Amino acid sequence: MHITAVRTYPLQTTLGDLSFGWSQRVGNTRQTVLCVVETDAGIDGVGEAFYFGGPPTVVAALIEGGLAPLVVGNDPFDTAVLWDRCYNLTRDQGQKGVTISAISAVDIALWDIKGKALGLPVHKLLGGAYRTRAQAYATGLYEPQGVPSVVDALVDEALGYAAEGFGGMKLKIGYDPRTDERYVRAIREAIGPDLALMVDANHAYNAPEAIRVARLLEPYDVTWSEEPVPPEDIDGYVELRRATTIPIAGGECEYTRFGFRELIARRAVDILQPDLCATGGFTEMSRIVAMASAANLPVMPHVWGTNVGLAAALQLFAALPNTPERRFPAEPWFELDRSPNPLRAGVTHEQFTVEDGYLAIPDRPGLGVTLDRDFLKRFAPV
Ligand code: MG
């Protein structure tokens, strides 16, 4: 079997009244890039690139112009070899960011092909399932726009997740310390003590600010504090970790085994959050997971794409080792993005639903999804 073509589907849409804010800006668009790799065996695979820093056509151009010539004509089973070739071609200017997102999409598509060719779900190729369902937390609680009271709207949204059966939810913070505390207090009081509550500052603070925020939030049983400081500030992460009892999470803006080597070796975080669609796909993620395991650090992936990225993340999630293994291991949390995204569900014929706080992990071959090509055409950027 050999690869015959690599195609991309850059998708973009505006949110209008559904625009939402967080510590860095108000988002009024959603976008992504899907990548389809075709073979002479009639099997094709799909992957997704996580990128929202500009037009999705940037990633599509990288895939089609830069990476496709390196993989066409090769065996899709040669995932490690092709990953290294793609990385080495772009290494001089592309060690982090959009280039690695592009490689991620191609790599995920290759693993989809491998699974389909063997008739096995990707998690079998990764070593098997530690779990057959994923304990989901709701990512939402962004800053709604045009509401009379943000805190009232957040409380309503939080109660909605509780009513749906989610065992946990994540709140955006990073506005200012007092506002952060006000939001956290209101939500904790509303949902009660039993549900997990994570907070995410999207790297809004420097270390002293982040330490102050952490101290303010310690009474509210926060499950983790995500990206309190910028991803480059590893010393800031280390200072913060030593100064608070709240577990510190990060890694959605980090890339490849080379980037995660630093986070792990410096013990900068308690929970690693690589994004499969950004950090290098299954090939590179497997290496990151192995390094994390050696340091006894849990991996709880960042997930923020369409159903393609979600399906891929579920396959990875099944194969994440317990950290550590024990008789009653701690269940990792799976990120389920609930923020407005008109692209999310329609890209695939298959859908994912939460029941009693859990997502079932599919055991269909590959990623277990098929694309709705008519839907993709509707959201091509103009
Ligand atoms: Mg985050």
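Residues numbered from 1 in each chain as written. Predicted model: local features only at pLDDT ≥ 70, side-chain atom pairs only at ≥ 80, totals over all residues. Heavy atoms only, no water.

Some points on the packing of helix α9 (residues 256-265) against helix α11 (residues 281-294)
When two helices pack together, their arrangement is captured by the angle between the axes and the distance separating the axes. Just so we agree on the cut-off: In this description, a line fitted to the C-alpha atoms serves as the axis of each element, helices being fitted only across the stretch in contact, and the angle between N-to-C directions of two axes falls anywhere from 0 to 180 degrees. Under the scheme used here, helices are H or I runs from DSSP no shorter than 4 residues and strands are E runs no shorter than 2 residues, and both carry numbers assigned from the N terminus. Relative orientations are named as follows: roughly parallel for angles under 35 degrees, roughly antiparallel for angles over 145 degrees, roughly perpendicular for angles from 65 to 115 degrees, and oblique for any other angle. Should the near helix be turned counterclockwise from the far one by less than a right angle, the crossing is left-handed, whereas a clockwise turn marks it as right-handed. Note on contacts: a residue pair is in contact if any heavy atoms of the two residues lie within 4.5 Å. For this classification, the nonpolar set comprises Ala, Val, Leu, Ile, Met, Phe, Trp, Tyr, Cys and Pro, the charged set comprises Asp, Glu, Lys and Arg, and every other residue, Gly included, is treated as polar.
The geometry of α9 relative to α11 is characterised by a closest axis approach of 9 Å and an angle of 20 degrees between their N-to-C directions. Here α9 lies roughly parallel to α11, going by the angle between them. The element α9 and its partner α11 pack so that their crossing is right-handed. For the pair α9 and α11, contact is made by Thr256, Arg257, Phe260, Arg261 and Ile264 and by Glu284, Arg287, Ile288, Met291 and Ala292, respectively. In terms of residue class, the contact of α9 with α11 is built from five nonpolar, one polar and four charged.

Some details on the domain arrangement of the protein
This is how the line gets drawn: Domain start and stop positions are those given by an automatic or database domain assignment. Accessible surface is computed with a 1.4 Å probe, and the buried area is the amount of it that two parts give up when combined, taken over both parts together. Salt bridges are counted wherever a side-chain nitrogen of Lys or Arg sits within 4 Å of a carboxyl oxygen of Asp or Glu. Residues adjacent in sequence count toward polar contacts only when both atoms are side-chain atoms; beyond that, a polar contact is any pair of N or O atoms within 3.5 Å, and within protein one must be able to donate a hydrogen and the other to accept it.
According to the domain assignment, the protein consists of domain 1 (3-119) and domain 2 (124-360). Distance from the C-alpha centre of domain 1 to the C-alpha centre of domain 2: 23 Å. Both faces combined, the contact of domain 1 with domain 2 buries some 3,200 Å², and carbon together with sulfur accounts for 68% of it. Summed over the three residues of domain 1 that lose the most area to domain 2, namely Arg30, Phe50 and Trp111, the buried surface amounts to 21% of that side. Applying the counting rule to domain 1 against domain 2 returns two salt bridges. For Arg30, the salt bridge identified is with Asp337, shortest N-O distance 3.0 Å. Joining domain 1 to domain 2, the criterion identifies 18 residue pairs in polar contact (both at pLDDT 80 or more).

Concerning the sheet that holds strand β2 (residues 20-21)
So the rule is basically this: Paired strands, as defined in this entry, are two strands with at least two bridges between them according to DSSP.
Across the sheet, which stays open at both edges, the three strands sit in the order β3-β2-β7 with antiparallel pairing between neighbours. Strand pairing shows two members of the sheet lacking a second neighbour, β3 (26-27) and β7 (143-144), which therefore form its edges. When β2 meets β3, the two strands line up antiparallel, connected through two bridges. Considered in β3, the bridge of Phe20 is made with Gly27.

Re the state of the cysteines
Threshold: Counting rule for disulfides: a pair of cysteine sulfur atoms within 2.5 Å.
Inspection of the entire model under this criterion finds zero disulfides. Cys86 takes part in no disulfide bond, and the closest cysteine sulfur, belonging to Cys35, lies 10.0 Å away. Counting only cysteine sulfurs, Cys35 is the nearest neighbor of Cys277, a cysteine outside any disulfide, at a range of 11 Å.

A look at the sheet that holds strand β5 (residues 44-49)
A sheet is described by the order of its strands in space; here three strands give the open sequence β1-β4-β5, paired in antiparallel fashion. The open sheet is flanked by β1 (3-14) and β5, the only strands paired with a single partner. Looking at each pair of strands side by side, their axes are set apart by 20 degrees on average, direction ignored. The sheet strands contacting helix α3 (residues 98-118) are β1, β4 (29-39) and β5, and the helix crosses β5 at an angle near 150 degrees.

Some points on the packing of helix α1 (residues 57-71) against helix α2 (residues 79-90)
Their axes nearest at 10 Å, the elements α1 and α2 cross at an angle of 140 degrees. As the angle between them shows, α1 and α2 are arranged oblique. As α1 packs across α2, the resulting crossing turns out to be right-handed. The segment α1 lies against α2, with Gly66, Leu67, Leu70 and Val71 engaging Leu82, Arg85, Cys86, Leu89 and Thr90. Residue composition of the contact of α1 with α2, by class: six nonpolar, two polar and one charged.

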